[in-house]
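# Overview (structure and organization)
Next come the chains, spelled out residue by residue.
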Amino acid sequence: MKIKNHERDKYGKYTGAARSAVIADLKVKLNQQQSIFTRITSTQESALKASYSVALELAKAKKPLSDGEMVKRCAMEMAKSFGDEDMAKNFETVSLSRRTVTRRIFDIHNHVDGKRKQVMHDCKYFSLALDESTDVTDISQLLIFTRTIDSSFVVHEELLKLVSLHNTTKGTDIFNAVKSVVNEYYGGFDKLSAVVTDGAPAMQGKHNGFAGLLQQSGVDCPILHCIIHQEALCAKTLNFSHVMDLVTKVTNLIRGGNRSLSHRRFVAFLDEVSAAYGDLQMHTEIRWMSRGKCLERFFALRTELPVFLEDSVRGDTSAYTRNSETPNFFAIWPSLRTLPHTSIT
């Protein structure tokens, strides 16, 4: 009733064209007010989207989460350099504090994890690849990879989870960790078609290992070595210790111990002659795949190495040069080339 009285008292005096003009003016003012709210909402949505985008890029690049503020300052300075003060103000509205970036990353993780669980739940079959290793802090890390196939024959491969084993790494510990993850994503082992492992006793043991416990739980599926570990075993069956010993000794002569000057001269020499590689690579038994990279570079530099040893390394290096030119030394290379690429690289 009050609204009607207000309308009659304020606008009752307007009739005809005057009334139409007043109504049109009121509509324009209303649209202007609504556009202000729409513009603010659009800016807020863009700022939120930018915040998530920057957080994702920081996570991909493995940068500190506190770098978000630096990214924001850089964006504002770039906008000002182009003379776009409005864009600089828009960048200023983007929230990129350390805590905000942390929340954004957790939100992204939860979203991706939810989609992954849906894909895993809808699959027809899945297989697992397991690998247990110790990190630099002496904590055992169990990596669980999965491959799924759905009703449309679409294959998905994902790192399902990284599980830290803080206590023992027995077969029961591995089995319980894998069982917990599989129950979370698949609801059980019903769709499991195969498992590949790194071949450790805790994995392959028939009674107390993961394989034995899995079969004892009623799961009947093939349990195999991972392909990459098959290649490692194949490489170890080749008797080429005489090759690795010579390669290691020559590499140590050039860049081992306190030979910084010799190493710098070697790098400069390779650059001068435009060699295939710019340096030799050190070999370590812990990371067995480095053996192939070390051998590949040594073989590629087989013509430059004798020249450098003869001219720039103190002492008698003729023995190394002679041994590197014997048929026994080169006989191993065709065998290496026939192995799968990942076993020697």
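We now turn to the structure provided with this report. All values reported here derive from a predicted model rather than from experimental measurement.

## Digging into the side chain of S140
- Secondary-structure assignment places S140 in strand 2 (residues 140–149).
- A distance of 3.2 Å separates polar atoms of two side chains, one belonging to S140 and the other to E132.
- When residues no more than four places from it in sequence are discounted, the contact partners of S140 are E132, S133, T134, V163, S164, L165 and T169.

## Description of the pairing of strand 4 (residues 192–197)
- Bridge count for strand 1 (residues 125–134) against strand 4 is 4 bridges, and the pairing is parallel. Of the residues in strand 4, the one forming a bridge with A129 is V196.
- Relative to strand 5 (residues 223–225), strand 4 runs parallel, the two being bridged by 3 bridges. Across the sheet, V196 pairs through a bridge with L224, a residue of strand 5.

## Things to note about the pattern of salt bridges
- If you walk through the whole model with that rule in mind, you get 6 salt bridges.
- A salt bridge links K117 to D113; its shortest N-O distance comes to 3.7 Å. Taken as a pair, K117 and D113 lie in helix 5 (residues 98–122) at a separation of 4 residues, close to a single helical turn.
- The class for K117 is partly exposed, based on a relative accessible area of 30%.
- A salt bridge links E157 to R147, with the nearest nitrogen and oxygen atoms 2.4 Å apart. Of this pair, E157 sits in strand 3 (residues 155–165) while R147 sits in strand 2, and the two are 10 residues apart along the sequence.
- Judged by relative accessible area, R147 falls into the partly exposed class, the value being 46%.
- Linked by salt bridges that have partners in common, D113, R116, K117, K161 and E184 make up one network.

## Let's talk about unusual backbone geometry
- Positive phi, normally seen in glycine, also occurs at K62, with a value near 55°.
- Following the sequence through the fold, K62 ends up in the loop between helix 2 (16–60) and helix 3 (67–81).
- A positive phi angle is found at F153, which is not glycine, with a value near 65°.
- Within the secondary structure, F153 sits in the loop between strand 2 and strand 3.
- F153 gets classed as exposed once you look at its relative accessible area, which sits at 67%.

## Topic: helix 6 (residues 171–185)
- For helix 6, built from 15 residues, the straight-helix expectation of 21 Å at 1.5 Å per residue is met to within 8% by its first-to-last C-alpha distance of 21 Å.
- The elements touched by buried residues of helix 6 are helix 5, strand 1, strand 2, strand 3, helix 7 (201–204) and helix 8 (210–216).
- Remark: G187 follows helix 6 within two positions and exhibits a positive phi of approximately 80°.

## Considerations on the environment of P201
- As for its position among the elements, P201 is in helix 7.
- A relative accessible area of 71% means that P201 is categorised as exposed.
- When the C-alpha atoms of P201 and K170 are compared, they prove to be 8.9 Å apart, with 31 residues separating the residues in sequence.

## Observations concerning the nonpolar core
- L142, V178 and L214 are the most contacted members of the largest nonpolar core, which has 29 residues in total.
- Sorting the residues of this core by element identifies strand 1, strand 2, strand 3, helix 6, strand 4 and helix 8 as the ones contributing at least two each.
- For this core, the element with the most residues is helix 6, which contributes 7 residues.
- If we skip the residues at most four places from it in the chain, L142 touches L130, D131, E132, K161, L162, V163, L165, I174, A177, V178 and M203.
- Of all hydrophobic cores here, the second largest spans 18 residues; its members include F269, C294, L295 and F298.

## Quick word on the packing of aromatic side chains
- Evaluation of the coordinates by the stated rule reveals 5 aromatic pairs.
- Aromatic pair F269 and F308: ring centres 5.8 Å apart, planes at 35°, arrangement tilted. One end of the pair, F269, is in helix 11 (residues 260–272); the other, F308, is in helix 13 (residues 304–312), and 39 residues separate them in sequence. Neither residue differs from the other here; F269 and F308 are each classed as buried.
- Members of the aromatic cluster, each reached through a chain of ring pairs, are F175, F189 and F210.
- The ring of Y52 is capped by R104, whose NZ or CZ atom sits 4.8 Å from the centre of that ring.
- The residue whose ring lies beneath K117 is Y185, and the NZ or CZ to ring-centre distance is 5.7 Å.

## Observations concerning the sheet that holds strand 4
- Strands sit in the order 3-2-1-4-5 across an open sheet of 5 strands; the sheet is mixed. Looking at which strands have only one partner, the edges of the open sheet turn out to be strand 3 and strand 5. Here the average twist between neighbouring strands, direction ignored, is 20°.
- Packed onto the sheet, helix 5 meets strand 2 and strand 3 and runs at close to 115° relative to strand 3.
- Against the sheet, helix 6 engages strand 1, strand 2 and strand 3, with an angle of about 135° to strand 3.

Reading the values: rules and limits
- Residues numbered from 1 in each chain as written.
- Predicted model: local features only at pLDDT ≥ 70, side-chain atom pairs only at ≥ 80, totals over all residues.
- Heavy atoms only, no water.
- Helix = DSSP H or I, 4+ residues; strand = E, 2+ residues; numbered from the N terminus.
- Polar contact = N/O pair within 3.5 Å; in protein donor to acceptor, adjacent residues only side chain to side chain.
- Contact = heavy atoms within 4.5 Å.
- Pairing = 2+ DSSP bridges.
- Salt bridge = Lys/Arg side-chain N within 4 Å of Asp/Glu carboxyl O.
- Buried < 20%, exposed > 50% of the residue type's maximum accessible area, 1.4 Å probe, protein only.
- Expected span 1.5 Å × (residues − 1).
- Core = buried A, V, L, I, M, F, W, Y, C linked by side-chain atoms within 4.5 Å.
- Phe/Tyr/Trp six-rings, centres within 6.5 Å; stacked < 30°, edge-to-face > 60°.
- Lys NZ or Arg CZ within 6 Å of the ring centre and 35° of its normal.
- Axes fitted to C-alpha atoms, helices over the stretch in contact; angles between N-to-C directions.

Read these as layout, nothing more, since geometry by itself doesn't imply function.
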